Amino acid sequence: MGFFVFKLARTGERWFNGFLIQMKNQNYINHLVFLIDQSQSMQGLANEVITVFESQIKNLAQRSKETDQETRVSAYLFDDDVECVIFDKDVLRLPSIKEIYRPNGMTALIDATLKSIEDLEKTNTLYGDHSFLIIGISDGANNISNNRATELSRKIVGLPENWTVALMVPNTMAASEAKKFGFSSNNIQIWDTSKTGIQEVNNTLNQVTSSYMAARATGVRGTKTLFQLDTSKLTS
């Protein structure tokens, strides 16, 4: 006597000629993380950092509406320690970081990146097409983390295709260090650590997140060339 095993299709799937396939019209859900350097050296840019963060939220909210995508935002501040101040919250309902961003201490960049990944790995992704985009910005090098560069590198390299991890750094030395941490070379961008430079950061982030979300609308899940803005190199 033979036995038949039936599998129910989940949301975003359907049966076709005996095969279970993904439906292209399933809901796109983006989990976007901002890792924000809160070390002492950022003190002179504190007001500008707050302004850039709030500008990013407005841009993401607008793009979410235009592309009909759900965007959930997390924010981590790091100095000697790492603090998650916003976790996976609807971009349309985000608070400001104005009252909590207080630069002080050193730069636990490795710890911040690793913690954000480990936290977001616990996110429920049962239904819908989920992607994870982590963007860090720092004006210096990691100098106090408890975790090692090799640990972060293994974590980043082992992430699934729907994860994108990027970093904005102050110079070529920091960019070289970021590569050792596991960041793809084209997911690393150098920025000018001045008040004018941080305005350029805002423009760059507007551009790359808008392009990322436009690509998501076509089924793209992740990229190792975030700052190159070449959608032909994105993975789907």
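Preceding this paragraph is the structure being described.
What counts and how
Residues numbered from 1 in each chain as written. Predicted model: local features only at pLDDT ≥ 70, side-chain atom pairs only at ≥ 80, totals over all residues. Heavy atoms only, no water. Pairing = 2+ DSSP bridges. Helix = DSSP H or I, 4+ residues; strand = E, 2+ residues; numbered from the N terminus. Axes fitted to C-alpha atoms, helices over the stretch in contact; angles between N-to-C directions. Contact = heavy atoms within 4.5 Å. Core = buried A, V, L, I, M, F, W, Y, C linked by side-chain atoms within 4.5 Å. Buried < 20%, exposed > 50% of the residue type's maximum accessible area, 1.4 Å probe, protein only. Salt bridge = Lys/Arg side-chain N within 4 Å of Asp/Glu carboxyl O. Polar contact = N/O pair within 3.5 Å; in protein donor to acceptor, adjacent residues only side chain to side chain. Right-handed = clockwise from strand over helix to strand, strands pointing away.

Colleague: Please explain the sheet that holds strand β8 (residues 188-190) as it appears in this structure.
Modeller: Strand pairing in a sheet relies on backbone hydrogen bonds. The paired strands run either parallel or antiparallel. Strand order across the open sheet formed by six strands is β5-β4-β3-β6-β7-β8, with mixed pairing between neighbours. Two strands in the sheet have a free side with no partner beyond their single neighbour: β5 (82-90) and β8. Strand-to-strand twist in this sheet, taken as the mean axis angle between neighbours without regard to direction, amounts to 15°. Sheet strands touched by helix α4 (residues 172-180): β7 (163-169) and β8. Its angle to β8, the strand with the most contacts, is close to 170°.

Colleague: Looking at this structure, how should I read the nonpolar core?
Modeller: Looking at soluble globular proteins, one finds that nonpolar side chains tend to be buried together. Within the largest apolar cluster, 35 residues are counted, with the highest numbers of intra-cluster contacts made by F34, I36, F53, Y101, L205 and L226. Listing elements by their share of this core, those giving two or more residues are β3 (28-37), α1 (46-67), β4 (70-78), β6 (129-137), β7 and α5 (195-216). Looking at which element gives the most residues to this core, the answer is α1, with eight residues. Sequence-distant contacts of Y101, defined by excluding residues within four places in its chain, comprise I36, D37, Q38, M42, A46, V49, I50 and L77. Listed in part, the 25 residues of the second largest apolar core include Y76, A174, A178 and F181.

Colleague: Would you mind showing me how to read the pattern of salt bridges here?
Modeller: It is possible for side chains of opposite charge to pair when their charged atoms get near one another. In total, this model carries ten salt bridges according to the counting rule given. For R72, the salt bridge identified is with E70, shortest N-O distance 3.0 Å. Judged by relative accessible area, which is 30%, E70 ranks as partly exposed. For E161, the salt bridge goes to R221, with nearest N and O atoms at 3.7 Å. Of this pair, E161 sits in the loop between α3 (149-157) and β7 while R221 sits in the segment after α5, and the two are 60 residues apart along the sequence. On the basis of relative accessible area, R221 is assigned to the partly exposed category, the value being 23%. Through salt bridges with shared partners, a single ionic network connects D129, E161, R216 and R221.

Colleague: Got a minute to help me understand the side chain of T71 in this structure?
Modeller: Within the fold, T71 resides in strand β4. Polar side-chain contacts of T71 include one of 2.7 Å to the side chain of S64.

Colleague: Would you mind showing me how to read the pairing of β4 here?
Modeller: Successive side chains on a regular strand alternate, one facing one side of the sheet and the next facing the other. β4 sits mainly inside the fold: seven of its nine residues count as buried. With nine bridges joining them, β3 and β4 adopt parallel strand pairing. Note on β4: the bridge partner recorded for I29 is E70. Handedness of the crossover joining β3 and β4 through α1 is recorded here as right-handed. Inspection of the sheet shows β4 paired to β5 by six bridges, in the antiparallel sense. Of the residues in β5, the one forming a bridge with F78 is V82. Between β4 and β5, which pair antiparallel in sequence order, lie three residues.

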